[in-house]
Amino acid sequence: MFNCKIYHDIGENTSMTLHNQDYKCLKDISVDLGLTYQQVADLSSRRERKKYQEFKYFPKIEITRIKNEV
């Protein structure tokens, strides 16, 4: 399971969530967002800041793995 959250920081301690949903796999995220699987895999695996994320109006995209509880 994965969670995909897309948001904009609009103030010092305030953000506007544009998308926040759980998915079964990365492929489901790519289909829902209209991205390639490789783009989604890149977003989920790299934690360092990419050059294009430094633009003022670029939304923050976080893809995190949800641990299955047994």
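For the structure itself, look to the data block above.
Residues numbered from 1 in each chain as written. Predicted model: local features only at pLDDT ≥ 70, side-chain atom pairs only at ≥ 80, totals over all residues. Heavy atoms only, no water.

A. Representation of helix H1 (residues 26-33) in the model. Every buried residue of H1 is listed here: Leu26, Ile29 and Ser30. With its buried residues spanning 100° around the axis, H1 presents them on a single face. At the C-terminal side of H1, Gly34 shows a positive phi close to 75°. (Buried < 20%, exposed > 50% of the residue type's maximum accessible area, 1.4 Å probe, protein only. Helix = DSSP H or I, 4+ residues; strand = E, 2+ residues; numbered from the N terminus. Arc of directions from axis to C-beta.)

B. The sheet that holds strand S3 (residues 60-65), seen in detail. The strand order across the open sheet built from three strands is S2-S1-S3, with neighbouring strands paired in antiparallel fashion. Both outer strands of the open sheet, strand S2 (15-23) and S3, are each paired with one neighbouring strand and no more. Across the sheet, the mean angle from the axis of one strand to that of its neighbour is 15°, orientation sign disregarded. (Pairing = 2+ DSSP bridges. Axes fitted to C-alpha atoms, helices over the stretch in contact; angles between N-to-C directions.)

C. Up close: the packing of aromatic side chains. This structure, assessed with the given rule, holds zero aromatic pairs. Its end group placed over the ring of Tyr7, Lys5 keeps NZ or CZ at 5.0 Å from the ring centre. (Phe/Tyr/Trp six-rings, centres within 6.5 Å; stacked < 30°, edge-to-face > 60°. Lys NZ or Arg CZ within 6 Å of the ring centre and 35° of its normal.)

D. The arrangement of the nonpolar core in detail. Grouped together as the largest cluster of nonpolar side chains are 10 residues: Phe2, Cys4, Ile6, Tyr23, Leu26, Ile29, Val40, Ala41, Leu43 and Ile63. Of all the secondary structure elements, the ones that give two or more residues to this core are strand S1 (2-9), H1 and helix H2 (37-45). Excluding anything up to four places from it in sequence, Ile29 contacts Phe2, Cys4, Tyr23, Val40 and Ile63. (Core = buried A, V, L, I, M, F, W, Y, C linked by side-chain atoms within 4.5 Å. Contact = heavy atoms within 4.5 Å.)

Keep in mind that these numbers describe shape and distance, not what the molecule does.
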